[in-house]
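Below, each chain spelled out in residue letters.
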Amino acid sequence: METSAAIQKVSMETSAAIEELRNEIQQLTLNLPREKNLDGTPLYQYQGFWTLSEFIPAIISFQRHFQAEDGDIILTSIPKSGTTWLKALAFTIANRTRFPLQNSPLLTTPPHQLVPFLELDLYWKNQSPNLEDNPKPRILATHLPYASLPNSILNSGCRIVYVARNPLDQFISRWKFLSSWQEQNMNLVSIEEAFEKTCNGVQFYGPVWEHVLGYWKASQENPEKVLFLKYEDMQENIISNIKNLANFLGCAFSQVEETQGVIKEISKICSFDDLKNLEVNKNGKYLLRFGNEAFFRKGTVGDWRNYLTSSMSDRMEKILEEKLCGSGLSFKK
Ligand code: PAP
């Protein structure tokens, strides 16, 4: 009796806490600036970035309760910048002594399941997920801007890896992703309107220039804490980027590994073609909505040229020139 009364009390306290958070969020969203996402759903500007209302409780829980540990690896990006690739690489590099490459979990599990998102997955499904038992090092991901990261990520010894991508390709990737997903639902705005919104800074987790700048500045100020990678550089020279990533994560490749071709093998099993052709990435859905295959579209640099006019690209370039001015950050096209 005593135990069941205690359980009942805890569950009443939990429901009360959930109810309280729900009310707090309802009040909060009423006062947040509001815009429309590309498919017409409302976007809210929370702490300076745009998000969907369904993620606000998860973001708040993540910010309030996540306890980072010194060994954690936190992968970050604005969506469609190379997150899936970074997840595959970081997981494989950090776990290469646990799993021989020929039996890598990457061959049977999508990268987004191996390295789950904190606010879009773990805290979205459960307000207090149990992350204590995750194998070490814990590798977790978030799209939150640097300024909105939980304090424990900033103050602990965990490491942050950010991947950035040319905003023109990032825009097209996002546009194509939503178009493929929305085939039955024709509410998507035209590409011109979508581009207009992006130039005005209205995009999921945007403005993009603020997102990249937050992490860029942090990486300049604290290079041991934040590693800033670029999608275009990774496409140009994946081997040196893998070495750099392993050094940063504190698990540099030995001479023996180098001679055995381990780095090359990792670059291959994490490559676009290999991942795209795995059965596990051709089938199934991520978070019950997106087909896993949607995360592997084309995987190239410069695809924006097939969709945007030169006046559109000039416009974005001017915006970036102004916003990134003096930062030392620029993007290859
Ligand atoms: P997410 O933010 O929704 O997780 P993210 O992985 O950041 O998406 O970006 C998807 C892009 O990365 C896609 O680009 P595209 O639309 O221009 O083709 C996807 O094809 C690309 N991508 C996924 N995996 C790889 C990889 N292994 N190598 C290179 N590019 C990749």
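Located above this text is the structure these notes cover.
Residues numbered from 1 in each chain as written. Predicted model: local features only at pLDDT ≥ 70, side-chain atom pairs only at ≥ 80, totals over all residues. Heavy atoms only, no water.

Pairing is antiparallel in the open sheet, where three strands are placed in the order 1-2-3. Each end of this open sheet is capped by a strand with a single partner; those strands are strand 1 (34–36) and strand 3 (49–52). Mean inter-strand twist for the sheet, computed between neighbouring axes without regard to direction, equals 40°. Pairing analysis gives four bridges linking strand 2 (residues 42–46) to strand 3, with the strands arranged antiparallel. Bridge pairing in strand 3 places leucine 43 opposite leucine 52. (Pairing = 2+ DSSP bridges. Helix = DSSP H or I, 4+ residues; strand = E, 2+ residues; numbered from the N terminus. Axes fitted to C-alpha atoms, helices over the stretch in contact; angles between N-to-C directions.)

To continue, consider the environment of phenylalanine 91. Checked against the element boundaries, phenylalanine 91 lands in helix 3 (residues 83–94). Separated by 15 residues in sequence, phenylalanine 91 and leucine 106 have C-alpha atoms that sit 8.4 Å apart.

In the vicinity of the ligand lie 22 residues, with Lys80, Thr83, Thr84, Ser173 and Lys298 positioned nearest. Burial of the ligand by the protein chains amounts to 97% of its free accessible area of 640 Å². Element by element, the count of residues in the shell around the ligand is highest for helix 3, at three residues. For the shell around the ligand, the residue count by class is eight nonpolar, 10 polar and four charged. (Near = heavy atom within 4 Å. Areas by Shrake-Rupley, 256 points an atom, 1.4 Å probe, with all protein chains shown as cover. Nonpolar A, V, L, I, M, F, W, Y, C, P; charged D, E, K, R; others polar.)

All told, the structure shown has 15 aromatic pairs when counted by the stated rule. A ring pair is formed by tryptophan 85 and tyrosine 231, whose centres lie 5.4 Å apart and whose planes are at 75°; its orientation type is edge-to-face. One end of the pair, tryptophan 85, is in helix 3; the other, tyrosine 231, is in helix 10 (residues 231–236), and 146 residues separate them in sequence. The same class applies to tryptophan 85 as to tyrosine 231, namely buried. Between the aromatic rings of tryptophan 216 and phenylalanine 228, the centroid separation amounts to 5.0 Å while the plane-to-plane angle is 80°, which identifies the pairing as edge-to-face. You can see tryptophan 216 sitting in helix 9 (residues 208–221) and its partner phenylalanine 228 sitting in strand 7 (residues 226–230), a full 12 residues away along the chain. Look at phenylalanine 228 and you get buried, because its relative accessible area is 13%. Members of the aromatic cluster, connected to one another through ring pairs, are Tyr46, Phe49, Phe55, Trp124, Phe204 and Tyr205. Across from the ring centre of phenylalanine 177, 3.4 Å away, lies the NZ or CZ of lysine 80, which sits over that ring. Over the ring of phenylalanine 253 we find arginine 96; its NZ or CZ atom is 4.1 Å from the centre of that ring. (Phe/Tyr/Trp six-rings, centres within 6.5 Å; stacked < 30°, edge-to-face > 60°. Buried < 20%, exposed > 50% of the residue type's maximum accessible area, 1.4 Å probe, protein only. Lys NZ or Arg CZ within 6 Å of the ring centre and 35° of its normal.)

Along its 15 residues, helix 16 (residues 310–324) runs 20 Å from first to last C-alpha, staying within 8% of the 21 Å computed at 1.5 Å per residue. Listed as buried for helix 16 are Met312, Ser313, Met316, Ile319, Leu320 and Leu324. All buried residues of helix 16 project into a common sector of 125° when viewed along the axis, lining one side. When the buried face of helix 16 is taken as reference, the exposed residues oriented beyond 90 degrees from it are Ser310, Ser311, Lys318, Glu321 and Glu322. In this fold, the buried residues of helix 16 make contact with helix 7 (167–181), helix 8 (191–199) and helix 9. Looking one or two residues past helix 16, glycine 326 carries a phi angle of roughly 80°, positive in sign. (Expected span 1.5 Å × (residues − 1). Arc of directions from axis to C-beta. Contact = heavy atoms within 4.5 Å.)

Tracing the backbone through its elements, the reader meets asparagine 166 in the loop between strand 6 (159–164) and helix 7. Aside from chain neighbours lying at most four places away, what touches asparagine 166 is Glu232, Trp304, Phe331, Lys332 and Lys333.

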